[in-house]
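Observations on the three-dimensional arrangement
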Amino acid sequence: MTEKVADYVLARLREWGVRHVFGYPGDGINGLLAAWGRADNEPRFVQARHEEMAAFEAVGYAKFSGRLGVCAATSGPGAIHLLNGLYDAKLDHAPVVALVGQTYRSAMGGSYQQEVDLHNLFKDVASDFLETVTVPEQLPNVLDRAIRTAYARRSPTAVIIPADVQELDYSPPTHDFKMVPSSLDRSGWSAVPSASAVERAADVLGAGERVAILVGQGAAGARAEVEAIAELLGAGVAKALLGLDVLSDELPYVTGPIGLLGTRPSYELMRDCDTLLTIGSSFPYTQFLPEFGQVRAVQIDLDPHMIGMRYPYEVNLVGDARETLLRLMPLLRSREDHAWQDEIVAGVRRWREVMRRRAELTAHPINPEYVAHCLDPLLPGDAILTCDSGSVANWYARHLRMRGQMRGSLSGTLATMGSGVPYAIGAKFARPDRPVVALVGDGAMQMNGMAELITAAKYRHAWDDPRLVIAVWNNHDLNQVTWEMRAMSGAPQFLPSQAIPDVRYARFAESLGLTGIRVEKPEYVEQAWHDALNADGPAVVEFLTDPDVPPIPPHATWEQLEATVESIAKGDADRAGMVRHGLKAKVQEFLPRRHHRDHRGGKNEEKGASR
């Protein structure tokens, strides 16, 4: 049988090592679907319930595998549905290729059914590479460049293939004028800065007495080197939320996340340091970085387009984090005085004690912090965590400690709702040998998580390790926005927009043949986690949590942190008063222009995180 264009597409994906394509069928990709049938489903077509979920699954797959994520969708509405997931890939720097159908070439320009101007639609989200294949001879170069660009730029790219082109006989480019041949190989590479730039950076870092390090996901391949340089410099290390798994939280000088969802020790680290080293992070909230002019600073980033942003760095090193640190460390002397680092370690211990006390406070019906706090010691050392946007991200950031080979991620820069469950499914296909836990609010679960439970049920037998736990914080409230309204506007909960129905998520899971657990009392929380983590397949565990337990700004003083514990402990009346007045005052204290380095902050916009 003659090889069709669609057959060649799948064959080329296999040659690139692509093992999974996340998608949803439609007549705009019928040619590709027929080719999948002829290819015995290689690479494997993973059927999501919605194209947006397919894109999120591709992002989760890319984040947790280190390989290319691929998604596929039909023309028109299918292509449109991909956008949110592809923007998540763009903003979080995940390599994803979208294969998109289009109406027949003969119908284009004729206002035909499902005809959408896909180049205009995708020109921003796939700005690094976007092309339509109109003749078979284009195909190798277009597909290869889409894949290479996605890897090189760590970004989404898109290849549009009209339905009639998919069914044409494939013919390769010839050795003729205006033909563009292509090839497969792509060697590894590491960018490194110049020796003179590294020496200047060493001079800056060596002169500091109170060094702070901020790491993002760009430092993920340099765990040992980051640890070594922190110990050389006697530094504390804060992490952007997308970089939480870069360094183990068991290291005593790791202060945890930075930003509005961050910790008090990270805030103090940035407030009091005299030198800053940023590695692989474009954390955007400058109000949580040191005062301008207060410190000397060095940045390391692989992307020359992202270097020198966010802070007035004195030295900007463009290079791979690991290779750059290897060149930097021999130029630094080990610091003998560890008083600064000892102070950081003491702050971390104090913070963890405050978090423990907050988690153990009585709430009605269950303290949401207690749910995350109980999970922390039960997590396997190779667990993969995904988290949705919303108030649950506070508890993920503050109560779960990364250790061993644990991985974790969320929609960091786009901070979109609804990514937690599809991320987890993508993670299971990326690492079928590891347990995956998704932390989701009830708003995100109702938005699309429930539908993707069907996907989890469909593929439950495809994974070597059967453990996939979806945990739902069920508080009947779109809680993050409610707290933003309280803190920023002094407004009480606006029920028409914020209140959402109480859905029996566990029962829904059971109706799909999955394990379902509903927890209504705090004394059952720990056992529920045990049962979910030991289930023989996907499990949904829902916790009825109190929507009135406030997240706390990291720039609250230790005295204010203690006050939140005491206020919650006293009971509902005092807690309600603190919510409506005290928390608002505490947050707004930091909103005006900073007059003292202990008073800083910014708008309560950080629903998710940053690289």
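Numbers given for residues are sequential positions, taken from 1 along each chain in its written order. For this predicted model, a pLDDT threshold of at least 70 governs which residues receive local features, and a threshold of 80 or more governs which side-chain atom pairs are given and counted, while totals over whole chains, interfaces and linings are taken from all residues. Excluding hydrogens and water, the side-chain values take into account all heavy atoms of the structure.

1. Some words on the confidence of the model for the protein chain
Per-residue confidence from the predictor is reported as pLDDT, a score between 0 and 100. Of all residues in the protein chain, 92% attain a pLDDT of 70 or more, and the chain-wide mean is 91. A low-confidence stretch, residues 572–611 stays under pLDDT 50, and its non-local contacts, those more than four residues away or across chains, total 131 contacts. Between two residues, a contact is recorded if the distance between any of their heavy atoms is within 4.5 Å.

2. A few points about the layout of surface pockets
If a probe the size of a water molecule is rolled over the atoms, the empty space left behind becomes visible. Residues are called lining when one of their atoms sits within 4 Å of a cavity or pocket point, these points coming from a 1 Å grid over the protein atoms alone, where a cavity is a set in which a 1.4 Å probe fits but cannot get out and a pocket is an open set with protein on both sides within 12 Å along at least five of seven lines. Grid points are joined across faces, edges and corners, and a volume is the space filled by probe spheres set on the points. Considering only enclosed or pocket space, the largest pocket measures out at about 1,200 Å³ in volume. Around the largest pocket, the lining comprises 43 residues; the ones closest to its centre are Gly66, Arg154, Gln217, Ala220 and Gly221. Secondary structure follows DSSP: runs of H or I at least 4 residues long count as helices, runs of E at least 2 residues long count as strands, and numbering of each begins at the N terminus. Elements that contribute at least two residues to the lining of the largest pocket include exactly helix H3 (51–65), helix H7 (139–153), strand S11 (296–301), helix H12 (321–328) and strand S14 (407–410). In terms of residue count, the dominant contributor to the lining of the largest pocket is H3 (four residues). Under the scheme applied here, ten amino acids are nonpolar (Ala, Val, Leu, Ile, Met, Phe, Trp, Tyr, Cys and Pro), four are charged (Asp, Glu, Lys and Arg), and all others, including Gly, are polar. Each residue belonging to the lining of the largest pocket can be placed in one class, and the counts come to 17 nonpolar, 14 polar and 12 charged.

3. Description of the sheet that holds strand S2 (residues 44–47)
What makes two strands pair is DSSP finding at least two bridges between them. Taken in spatial order, the six strands make up an open sheet running S2-S1-S3-S4-S6-S5, and their pairing is parallel. A single partner strand is all that each edge strand has here, and the edge strands are S2 and strand S5 (130–132). Pairwise comparison of adjacent strand axes, ignoring direction, gives a mean angle of 25° for this sheet. Both strand S3 (residues 69–73) and strand S4 (residues 96–102) contribute to a ladder of five bridges, which runs parallel. By the bridge assignment, Cys71 is partnered in S4 with Ala98. To obtain an axis, a line is fitted to C-alpha atoms, over the contacting stretch when the element is a helix, and the angle between two such axes runs from 0 to 180 degrees between their N-to-C directions.

4. Points about the pattern of salt bridges
A pairing counts as a salt bridge when a side-chain nitrogen of Lys or Arg comes within 4 Å of a carboxyl oxygen of Asp or Glu. Inspection of every chain in the model, using the stated rule, returns 26 salt bridges. For Arg296, the salt bridge is made with Glu314, and the minimal N-O distance between the two is 2.8 Å. Of this pair, Arg296 sits in strand S11 while Glu314 is found in the loop between S11 and strand S12 (315–318), placing the two residues 18 residues apart along the sequence. Think of it in three bands: with a 1.4 Å probe and only protein chains considered, a residue is buried below 20% of the maximum accessible area for its type, exposed above 50%, and partly exposed in between. Take Arg296: its relative accessible area is 36%, and that puts it in the partly exposed class. A relative accessible area of 40% means that Glu314 is categorised as partly exposed. Arg356 is the partner of Glu353 in a salt bridge, and the nearest nitrogen-oxygen pair spans 2.4 Å. With Glu353 and Arg356 both in helix H13 (residues 339–359) and three residues apart, this pair spans about one turn of that helix.

5. Side note on the pairing of strand S13 (residues 384–387)
Alternating positions in S13 separate into two faces, Ile384 and Thr386 on one and Leu385 and Cys387 on the other, with burial throughout. Pairing between S13 and S14: four bridges, direction parallel. Its bridge partner lying in S14, Cys387 is registered against Leu410. Whether a crossover is right-handed depends on one test, that the path from the first strand over the helix to the second runs clockwise when the strands point away from the viewer. The handedness of the S13 to S14 crossover, carried by helix H15 (residues 392–399), is right-handed. Pairing of S13 with strand S15 (residues 436–441), which is carried by four bridges, proceeds in the parallel orientation. Bridging across to S15, Thr386 finds its partner in Ala438.

6. Observations regarding the nonpolar core
To form a nonpolar core, buried Ala, Val, Leu, Ile, Met, Phe, Trp, Tyr and Cys residues must be joined to one another through side-chain atoms within 4.5 Å. Within the largest apolar cluster, 58 residues are counted, with the highest numbers of intra-cluster contacts made by Leu439, Trp529 and Val541. Among all residues touching Trp529, those that are not within four sequence positions of it are Val371, Cys374, Leu375, Leu378, Val437, Leu439, Val469, Ala471, Trp473, Val541 and Phe543. Grouped together as the second largest cluster of nonpolar side chains are 56 residues, Ala58, Ala62, Leu82 and Val125 included.

7. A closer look at unusual backbone geometry
Looking along the chain, the bond that leaves Glu42 and enters Pro43 is cis, with omega of -5°. Relative to the helices and strands, Pro43 resides in the loop between helix H2 (30–38) and S2. With an omega of 0°, the peptide bond running from His364 to Pro365 counts as cis. Within the secondary structure, Pro365 sits in the loop between H13 and helix H14 (368–375). Even without being glycine, Ser111 reaches a positive phi, approximately 50°. Relative to the elements of secondary structure, Ser111 occurs in the loop between S4 and helix H6 (118–122). Phi is positive for Lys178, which is not a glycine, with a value near 65°. By the secondary structure assignment, Lys178 is in the loop between helix H8 (163–166) and helix H9 (195–207). Note on Lys178: relative accessible area 69%, which makes it exposed.

8. Overview of the environment of Val348
Counting through the fold element by element, Val348 comes out in helix H13. Taking the relative accessible area as the measure of exposure, Val348 reaches 5% and is therefore buried. Residues Val348 and Val254 lie 94 residues apart in sequence; the distance between their C-alpha atoms is 7.7 Å. The contacts of Val348, once residues within four sequence positions are left out, are Pro252, Val254, Thr255 and Pro265.

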